[in-house]
Amino acid sequence: MKKGLKLSDILVTIIIALIFGLIYKLWGPLYGIVSTVGLHAEQLIYGMWFIAATVAFLIIRKPGVAFLAEIAAAQGEFIFGGEWGVTILIYGFVQGIGAELVFAAFRYKRFNVFVVSLAGAASAVASIILGFYYGYAGDLTLWNLMLMFGFRIISGIVIAGIFAYFIVAALEKTGVTNLVRPITTDDYKALD
Amino acid sequence: MQIDFSFQETWFHKINPSLKFIFIVLLFIGLLFIHNINFLINFLFAPLLIYLFFTGHPWKRLCLIAIPFLIIFITSSTSMIFFGKGDITWFEWGLVHISEESFFRGLHLGLRGFVFAVLGVVFALTTRPVFLFYSLMQQLKLKPKYAYSFMASIRLLPIMVEELQTLRYALKVRGVQDYKGMKGFYKKLKAYSIPLLAQSIRRAHRIAIAMEAKRFSIVQNRTYYYQIGFSKVDLFFVIYFLIFILLAYLLTLYMSYVNIEDVRYNGN
């Protein structure tokens, strides 16, 4: 067995990231309008930015996939001139690290709702830390800050965690996940 | 529908893509440590001039692309203006509390978002993705399996967009109902993502196997169809920004638009 990701793992990961990028683009602008009010309602779908990482990891189940998915999503947005420009690259980078660290902490061996939700929350926390530097988040009044962070973490857990888990569970029924997942000992046992 | 996207090639297109990429990321990190709004306003001209004169795209298109810049400016400044900390109150209404400090901090954030948006769009308008990945492979030793995967995925994008469109029509024609709230969000997410994911993963997997068979992932003794190197333009590009940074700095020393040197909150 060669270590590291194969070309097929990489390509599938990137494609997954791009799909969620597309879906987000489809109804993302709608939420942009809400955000101008400043009450952070848009934060409730912020988890859509993290979902690529968790879904890709649940499908492929290899180290590095979550990080790569976030990078791919950000890179795609950047190359095609997304309106957030360079900012998105850096955010994608730290969010990917956030999710990847959680999966690494469980040695890439746990794929349940709890771990995935934790990864979603970790991405949210990572983006919040960057927000302190980029957006002077510390200089918002406390209630507003709490509202923003609360919404974002909840969104990370619900969308990138719970929703991602159920989407992949539904996807398993289509059989495509068998194409890309590494072979486990259970598969060998099934042959006996 | 065929969209005309022709443009004139300028010196900005000829810059080494890796260099351009790294330099812009470094600019981003550097600007995170700029808290003086006067400096930011001065520096703004560097990316703006490139956007206006050196991208080689027609004016009409540039104006159209600029619309989201305004939205970026508004969305990244408002919450700070309305709800930021500050002592010199200008306006208060319920939860909204606009102070002098929060206003300029918000403005600073808006300008920051604007600068990065312009830099990003300038990059996108003047860099061909294929050249970027070839350059990343040659100059930064990015593994070919990553570079070619990214390039292949860019080619697959139009098919995915088409599928998404078909899916929308299919859902519409069958009268699929929209639900409100989080439940509706999940239903919609599922309705779109499952078929798209299933199809695209199958396709990506097939293509990847073919690419592996054709040794796209090999690292040693590779030759490249596009040879990308450095030229004088690269030096010019770096000097351009260094001069603007210096000018912005000097101008800030001798002249200021607003009498604020640090937009961060330092009161109690």
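Going by what an unreviewed UniProt entry lists, chain B is known as Energy-coupling factor transporter transmembrane protein EcfT and is assigned to Aquibacillus koreensis.

As recorded in an unreviewed UniProt entry, chain A goes by the name ECF transporter S component, listed as coming from Aquibacillus koreensis.

*Asks:* For the overall build of chain B, give the residues involved together with the corresponding values.
*Replies:* The secondary structure content of chain B amounts to nine helices and two strands. Against the compact-globule benchmark of 18 Å for 268 residues, chain B has a radius of gyration of 24 Å, which places it well outside the compact range. Taking the principal axes of its C-alpha atoms as reference, chain B extends roughly 65 × 60 × 35 Å. Here chain B, with 268 residues, has 48% of them falling under the buried criterion.

*Asks:* Lay out the interface of chain B and chain A with the relevant residues and their values.
*Replies:* Across the contact, 73 residues belong to chain B and 67 residues belong to chain A. Both faces combined, the contact of chain B with chain A buries some 6400 Å², and carbon together with sulfur accounts for 81% of it. The largest per-residue losses of area from chain B upon contact with chain A belong to Phe83(B), Phe185(B) and Ile201(B), which jointly make up 11% of the total buried on that side. Here Arg105(B) ties to Asp139(A) by a salt bridge, and the two come within 3.3 Å at their closest N and O atoms. At the junction of chain B with chain A, the criterion picks out twelve residue pairs in polar contact (both at pLDDT 80 or more). Counting only elements with at least two residues in the side of chain B that touches chain A, the list comes to helix 1 (17-31), helix 4 (59-83), helix 5 (100-126), helix 6 (129-139), helix 7 (144-173) and helix 8 (181-213) of chain B.

*Asks:* Requested: an account of the UniProt feature "transmembrane region" (unreviewed entry) in chain A, with residues and values cited.
*Replies:* Residue and element names in this part refer to chain A. As recorded in UniProt, the sites labelled "transmembrane region" (unreviewed entry) are residues 7-24, 44-60, 88-106, 113-136 and 142-171. Regarding residues 7-24, the helix share stands at 100% and the strand share at 0%, and the terminal C-alpha atoms are separated by 26 Å. The distance separating the terminal C-alpha atoms of residues 113-136 is 33 Å; by composition the span is 92% helix and 0% strand.

*Asks:* Mind laying out unusual backbone geometry, listing which residues take part and the relevant values?
*Replies:* Unusually for a residue other than glycine, Arg107(A) sits at a positive phi of about 55°. Taking relative accessible area as the criterion, Arg107(A) reaches 66% and is therefore assigned exposed. Residue Lys141(B) is not a glycine yet carries a positive backbone phi of 55°. Note on Lys141(B): relative accessible area 63%, which makes it exposed.

*Asks:* Could you give an account of the packing of aromatic side chains, with specific residues and numbers?
*Replies:* In this structure the tally under the stated criterion is 43 aromatic pairs over all chains. A centroid spacing of 6.0 Å and a plane angle of 65° characterise the contact between Phe78(A) and Phe21(B), whose relative ring orientation is edge-to-face. Of this pair, Phe78(A) sits in helix 3 (residues 65-79) while Phe21(B) is found in helix 1, placing the two residues in two different chains. For Phe21(B), a relative accessible area of 16% corresponds to the buried category. Measuring from centroid to centroid gives 4.9 Å for Trp11(B) and Phe236(B), while their planes differ by 70°, and the two rings are edge-to-face.

*Asks:* Describe the pairing of strand 2 (residues 96-99) of chain B, and please don't skip the residues or the numbers.
*Replies:* Residues and elements named next belong to chain B. Alternating residues of strand 2 divide into Val96 and Ile98 and His97 and Ser99, and every residue in both groups is buried. Of the strand pairs in this sheet, strand 1 (residues 89-93) and strand 2 are connected by four bridges, and their pairing is antiparallel. When the bridges of strand 2 are listed, Phe91 appears paired with Ile98. Linking strand 1 back to strand 2 in an antiparallel pair, the connection comprises two residues, with Gly94 at a positive phi of about 60°.

*Asks:* With reference to specific residues and values, describe the confidence of the model for chain B.
*Replies:* Per-residue confidence for chain B gives a mean pLDDT of 87; residues scoring 70 or more make up 98%. Within chain B, the lowest mean pLDDT, 79, falls on strand 1 of chain B, and the highest, 93, falls on helix 6 of chain B.

*Asks:* Go over the UniProt feature "transmembrane region" (unreviewed entry) in chain B, please, and point to the residues and values.
*Replies:* Residue and element names in this part refer to chain B. Taken from the UniProt record, the annotation "transmembrane region" (unreviewed entry) applies to residues 21-54, 61-83, 114-136 and 235-257. From the first C-alpha to the last, residues 21-54 spans 17 Å; its make-up is 82% helix and 0% strand. End-to-end, the C-alpha atoms of residues 114-136 are 27 Å apart, and along that stretch the chain is 91% helix and 0% strand.

*Asks:* How would you sum up the domain arrangement of chain B? Please name residues and give values.
*Replies:* Each assigned domain of chain B is listed here: domain 1 (11-128 + 230-254) and domain 2 (144-213). A separation of 34 Å is found between the C-alpha centroids of domain 1 of chain B and domain 2 of chain B.

*Asks:* Any details on empty space enclosed by the protein? Residues and values, ideally.
*Replies:* One pass over the full model with this rule turns up two cavities of 30 Å³ or more. Computed from the structure, the largest cavity encloses a volume of approximately 50 Å³. Taken together, Ile14(A), Leu18(A), Ala72(A), Gln75(A), Gly76(A), Ile79(A), Phe80(A), Phe150(B), Ser153(B), Ile154(B) and Leu157(B) make up the lining of the largest cavity. The set of elements that each furnish at least two residues to the lining of the largest cavity consists of helix 1 (7-35) and helix 3 of chain A together with helix 7 of chain B. In terms of residue class, the lining of the largest cavity is made up of eight nonpolar, three polar and no charged. Volume-wise, the second largest cavity comes out at about 30 Å³. As for the second largest cavity, its lining consists of Phe12(B), Ile24(B), Ile50(B), Leu119(B), Val122(B), Phe237(B) and Phe241(B).

Here is what the cut-offs are and how they apply
- The numbers attached to residues start from 1 for each chain and follow its sequence in the written order.
- Working convention: letters from A go to chains and numbers from 1 go to ligands, in the order in which they are written.
- It should be noted that, the model being predicted, local features are given only for residues of pLDDT at least 70 and side-chain atom pairs only at 80 or more, the latter also being counted only at that level, while totals for whole chains, interfaces and linings use all residues.
- No hydrogens and no water enter the side-chain calculation; it runs on all heavy atoms of the structure.
- To qualify as a helix, a DSSP run of H or I must reach at least 4 residues; to qualify as a strand, a run of E must reach at least 2; elements of each kind are numbered from the N terminus.
- Only C-alpha atoms enter the radius of gyration, while the globule expectation follows 2.2 Å times N to the 0.38, with N the number of residues.
- Classification of residues uses two cut-offs on accessible area relative to the type maximum, computed with a 1.4 Å probe and protein chains only: under 20% is buried, over 50% is exposed, and between them is partly exposed.
- Whether two residues touch is decided by their heavy atoms; if any such pair falls within 4.5 Å, the residues are in contact.
- The term buried area means the drop in 1.4 Å probe accessible area that two parts suffer when joined, counted for both and summed.
- A pairing counts as a salt bridge when a side-chain nitrogen of Lys or Arg comes within 4 Å of a carboxyl oxygen of Asp or Glu.
- Any pair of N or O atoms that falls within 3.5 Å is considered a polar contact. Within protein, one atom must be able to donate a hydrogen and the other to accept it, and sequence-neighbouring residues count only if both atoms are side-chain atoms.
- UniProt positions are given in the numbering used here, feature names are shortened, and annotations may be inferred rather than shown by experiment.
- Ring pairs are drawn from Phe, Tyr and Trp, using the six-membered ring of Trp, whenever the two centres fall within 6.5 Å, and their geometry is named by plane angle: stacked under 30 degrees, edge-to-face over 60, tilted for the rest.
- In this scheme, strands are said to pair when DSSP sees at least two bridges between them.
- One confidence number per residue, pLDDT, is output by the predictor and ranges from 0 to 100.
- Domains are outlined according to an automatic or database domain assignment.
- Space inside and on the surface of the protein is sampled on a 1 Å grid over the protein atoms alone, with a cavity defined as a set of points where a 1.4 Å probe fits but cannot get out and a pocket as an open set with protein on both sides within 12 Å along at least 5 of 7 lines; lining residues have an atom within 4 Å of a point.
- Grid points are joined across faces, edges and corners, and a volume is the space filled by probe spheres set on the points.
- In this classification, the charged set is Asp, Glu, Lys and Arg, the nonpolar set is Ala, Val, Leu, Ile, Met, Phe, Trp, Tyr, Cys and Pro, and all remaining amino acids, among them Gly, are polar.

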